[in-house]
Amino acid sequence: MLKQRVITAIVLLAILLPALFYKTPQPFCAVALLLIAAGAWEWGRLNGYGQGVSTGLGLACVAACALSWYGGLLEKPLPMLWAAGGAVWVLAGGWLLRNGVAGWPRIPKVLRLVAGLVALWLAWLAVAQARVVGINFLLSVLLLVWVADIFAYFAGRTFGGRFSKGKLAPSISPGKSWEGVWGGMAGVVALSLAWVYAGAAAGGVGFWGEATLYSRLVANHGLLIMLLAVIFLAAMSVVGDLVESLIKRSAGVKDSSGLLPGHGGVLDRVDALLPTLPLAMMLVSL
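Residues numbered from 1 in each chain as written. Predicted model: local features only at pLDDT ≥ 70, side-chain atom pairs only at ≥ 80, totals over all residues. Heavy atoms only, no water.

Draft legend 1. Representation of the overall build of the protein within the structure. Across its full length, the protein carries eleven helices and two strands. Helices (α) and strands (β) of the protein occur, in sequence order from the N terminus, as α-α-α-α-α-α-β-β-α-α-α-α-α. In the protein, which comprises 286 residues, the proportion classed as buried is 48%. Of all intrachain contacts in the protein linking residues separated by at least 6 positions in sequence, the fraction that spans at least 24 positions is 74%. Roughly 13,700 Å² of accessible area belongs to the protein as shown, and the carbon and sulfur atoms make up 71% of that amount. (Helix = DSSP H or I, 4+ residues; strand = E, 2+ residues; numbered from the N terminus. Buried < 20%, exposed > 50% of the residue type's maximum accessible area, 1.4 Å probe, protein only. Contact = heavy atoms within 4.5 Å. Areas by Shrake-Rupley, 256 points an atom, 1.4 Å probe, with all protein chains shown as cover.)

Printed below as a string of structure tokens:
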């Protein structure tokens, strides 16, 4: 298992890193499109559809993303779209977690299918537009989610159950604790402050002379609002993780697929990014 994980990670990095750091955004956007299409295929399988419908869902996702790309949406400001998408994620995420695993099958399958397709398309559009803004900006969003996850893991392992009376969501993901959530939030606060001050020392922007999520939030709204924003994004990354866990538990599977040996499926790797990416674009569009 460890060997599989290492080999898969090396292959993914060998594909993603050259695409990410290429001089134009197109290669990265294309790789992200393929990954999101694979996620759409997994989404069909998680909702009980067979190979035909699931493949069709993947192709529909490719078509939606390609049309957005061809229509020039990657370069256009889309504040209303990000605001609508962010609001839906906050409201729908809260509703899903409140109703738990038992509430998921009560949603019509067609509605679930369409909602998943829209969420995946929105996430691709957000990550592609973030790459168009700049490598530094995109990395600042991605690292926020990864740091939140890493700090949550170690805080949960070290302090889980010591300060809170119950688990975060025992019927959905029994291993997650409130201490993990707080640790993740502390991690993103430290990351954002370090990046802001490093950027200030480099002339107000950061690596590669580009703005970051944090520097743009500070410039537009001030340091306090930036800190509240990154804490909010860390919380929504947890929502994305829990929503996917809820759906997998309802489907009776451990992973969204076996497409990434040793790592599960694409949705297992991007679940926390699905709400965070469009919400980050919403926050910098305000």
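Draft legend 2. Just the packing of helix H2 (residues 26–46) against helix H3 (residues 51–70), in detail. Contact geometry of H2 with H3 gives a least axis separation of 7 Å together with a crossing angle of 150°. Judged by the inter-axis angle, H2 sits roughly antiparallel to H3. Crossing geometry of H2 relative to H3 is assigned as right-handed. Touching Gln26, Cys29, Ala30, Leu33, Ile36, Ala37, Ala40, Trp41, Trp43, Gly44 and Arg45 of H2 are Gln51, Ser54, Thr55, Leu57, Gly58, Cys61, Val62, Cys65, Ala66 and Trp69, all from H3. (Axes fitted to C-alpha atoms, helices over the stretch in contact; angles between N-to-C directions. Parallel < 35°, antiparallel > 145°, perpendicular 65-115°, else oblique. Left-handed = near helix turned anticlockwise from the far one by under 90°.)

Draft legend 3. Up close: a nonpolar patch on the surface. The grouping of Trp146, Ile150, Phe151, Tyr153 and Phe154 at the surface amounts to a nonpolar patch, some 550 Å² of accessible area in total. In this structure, Trp146 sits in helix H6 (residues 135–159). When its relative accessible area of 40% is taken as the criterion, Trp146 is described as partly exposed. (Patch = residues over 30% accessible without salt bridge, like charges linked within 9 Å, V, L, I, M, F, W, Y side chains within 5 Å. Salt bridge = Lys/Arg side-chain N within 4 Å of Asp/Glu carboxyl O.)

Draft legend 4. Spotlight on H2. Along its 21 residues, H2 runs 30 Å from first to last C-alpha, staying within 8% of the 30 Å computed at 1.5 Å per residue. Immediately downstream of H2, the backbone of Gly48 shows phi near 85°, a positive value. (Expected span 1.5 Å × (residues − 1).)

Draft legend 5. Representation of the pattern of salt bridges. One pass over the full model with this rule turns up three salt bridges. The salt bridge partner of Lys176 is Asp241, with a shortest N-O separation of 3.2 Å. Of this pair, Lys176 sits in strand S2 (residues 173–177) while Asp241 sits in helix H9 (residues 223–251), and the two are 65 residues apart along the sequence. Residue classification places Asp241 among the buried positions, given a relative accessible area of 16%. Residue Lys248 is joined to Asp268 by a salt bridge in which the shortest nitrogen-to-oxygen separation is 2.9 Å.

Draft legend 6. Focus on the side chain of Glu42. Note that Glu42 resides in helix H2. No salt bridge is formed by the buried Glu42; the nearest opposite charge belongs to Lys248, separated by 9.0 Å. (Lys, Arg positive; Asp, Glu negative; His and termini not counted.)

Draft legend 7. Molecular detail of the pairing of S2. Of the strand pairs in this sheet, strand S1 (residues 167–169) and S2 are connected by two bridges, and their pairing is antiparallel. Within the sheet, the bridge partner assigned to Ala169 lies in S2 and is Ser173. In sequence, S1 turns back onto S2 through a hairpin of three residues. (Pairing = 2+ DSSP bridges.)

Draft legend 8. Seen up close, the environment of Trp124. Residue position: Trp124 is located in helix H5 (residues 109–133). For Trp124 and Leu35, which are 89 residues apart along the polypeptide, the C-alpha to C-alpha distance reads 9.1 Å. Non-local contacts of Trp124, meaning those with residues more than four positions away in its chain, are made with Cys29, Ala32, Leu33, Ile36, Cys65, Ser68, Trp69 and Leu74.

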